[in-house]
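# Summary of structural features
Chain residues, written in single-letter form:
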Amino acid sequence: MSLLDRLSEADRDRLRGAGNGVRELRDPRPMLAVLSDRRTFGDLFDLLRLDGRSVTALPVRTRTSLLRDAFAFRLPLRFTPHRVGRDGRDLPADACGRGWEGLIAERADGPSLHGRSTDWLKLTCAAGQELVVGGFTEPAGSRAGFGALLVGHCQGEWLRYAGKVGTGYGPATLRRLRRRLDRLEQDRSPFADDVRERAVHWVSPEPVVQIDFTEWTGAGRLRHPRYKGLRGGKRLTDVVRERGAP
């Protein structure tokens, strides 16, 4: 039985109204299609429409109060309360300690904004470790240097592929790294895994880089990786997947 089938008729009507609001915000996934999955729980934290009318101009506190009163909040629907701190600095550490990906922070007295704003912040929990560069992709468009670094870590005698890293570089870093990587280029992939990327250049696995990321996927790939810098004085065999890495 799907989530929608387990809701009261009144709550289904409310969610249909909220789904219209999501489509107006150009979310590419229709809300009702997601909610039809029987494994889905509905964690509701904000309200954009109520009884066919937009409430986005109202402050967060007011919208939260309206949301709490709009639904019965019996499983599978769950109300997600806002946590308010004096300065909020303790909340990200608590979230990361629980294994969350991060937090969304908003001004309690602010409206719902559709674009980027300092009133709406995404606070991510980032892990990090050193990884070896085994290749890179060609840049696209007006980008200089390269598109992404292909990185990995040692597992016994194998260099295991961990993913591509395409963010975190400035223009000067892109050009400087490309010059170094061109001197290390080789014909064959140094990775034990099959790497399916276009316009790849393989390099001798010598450069070690520091990469921040949110977690490891089940397939052993980095999620949301970001380049932080070069690391020197590290042997290839010392670059392993760190214990306790998420």
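Our subject is the structure that appears above.
Notes on the structure in this doc start here.

## Points about the overall build of the protein
In terms of regular secondary structure, the protein is built from five helices and 15 strands. Out of the 246 residues belonging to the protein, those deemed buried represent 37%. Pairs at least 24 apart in sequence give 58% of the contacts found in the protein among residues at least 6 apart. Carbon together with sulfur atoms contributes 47% to the accessible area of the protein, which is approximately 15600 Å² in total.

## Here we look at the pattern of salt bridges
Within the structure shown, the criterion is met by 11 salt bridges. One salt bridge connects D43 with R78, and the closest N-O pair in it is separated by 2.7 Å. Of the two residues, D43 sits in strand β1 (residues 42-44) while R78 sits in strand β4 (residues 77-79), which places them 35 residues apart along the sequence. Linking R160 and D193 is a salt bridge whose minimum nitrogen-to-oxygen distance equals 2.6 Å. Note that R160 is positioned in strand β9 (residues 158-165) and D193 in the loop between β10 (185-186) and β11 (200-203), a separation of 33 residues in sequence.

## A word on the nonpolar core
Membership of the largest hydrophobic core comes to 21 residues, with the highest contact counts inside it found for L149, V151, Y169, L222 and Y227. Among all residues touching Y169, those that are not within four sequence positions of it are R143, F146, L149, L174, L177 and Y227. In this structure, L159, F191, V195 and V208 belong to the second largest nonpolar core, which totals 10 residues.

## Observations concerning the packing of aromatic side chains
Inspection of the entire model under this criterion finds eight aromatic pairs. Residues F136 and F146 carry aromatic rings whose centres are separated by 6.4 Å and whose planes lie at 65° to one another, so their mutual orientation is edge-to-face. Here F136 is found in strand β7 (residues 127-137), whereas its partner F146 is found in the loop between β7 and β8 (149-155), with 10 residues between them in sequence. For the pair F136 and F146, a shared accessibility class is recorded, and that class is buried. Relative to W216, the ring of F213 lies with its centre 5.5 Å away and its plane at 70°, an arrangement referred to as edge-to-face. For the residue pair F213 and W216, the accessibility class agrees, reading buried in each case. One aromatic cluster is present, formed by F136, F146, Y169 and Y227 through successive ring pairs.

## Focus: helix α3 (residues 60-70)
Three or more residues of α3 are buried, namely V60, R63, T64, L67 and A70. Buried residues of α3 fall within an arc of 125° about the axis and therefore sit on the same side. Those residues of α3 that are exposed and angled more than 90 degrees off the buried face are R61 and D69.

Rules behind the numbers
Residues numbered from 1 in each chain as written. Predicted model: local features only at pLDDT ≥ 70, side-chain atom pairs only at ≥ 80, totals over all residues. Heavy atoms only, no water. Helix = DSSP H or I, 4+ residues; strand = E, 2+ residues; numbered from the N terminus. Buried < 20%, exposed > 50% of the residue type's maximum accessible area, 1.4 Å probe, protein only. Contact = heavy atoms within 4.5 Å. Areas by Shrake-Rupley, 256 points an atom, 1.4 Å probe, with all protein chains shown as cover. Salt bridge = Lys/Arg side-chain N within 4 Å of Asp/Glu carboxyl O. Core = buried A, V, L, I, M, F, W, Y, C linked by side-chain atoms within 4.5 Å. Phe/Tyr/Trp six-rings, centres within 6.5 Å; stacked < 30°, edge-to-face > 60°. Arc of directions from axis to C-beta.

Such coordinate-based values are descriptive only and should not be taken to indicate function.
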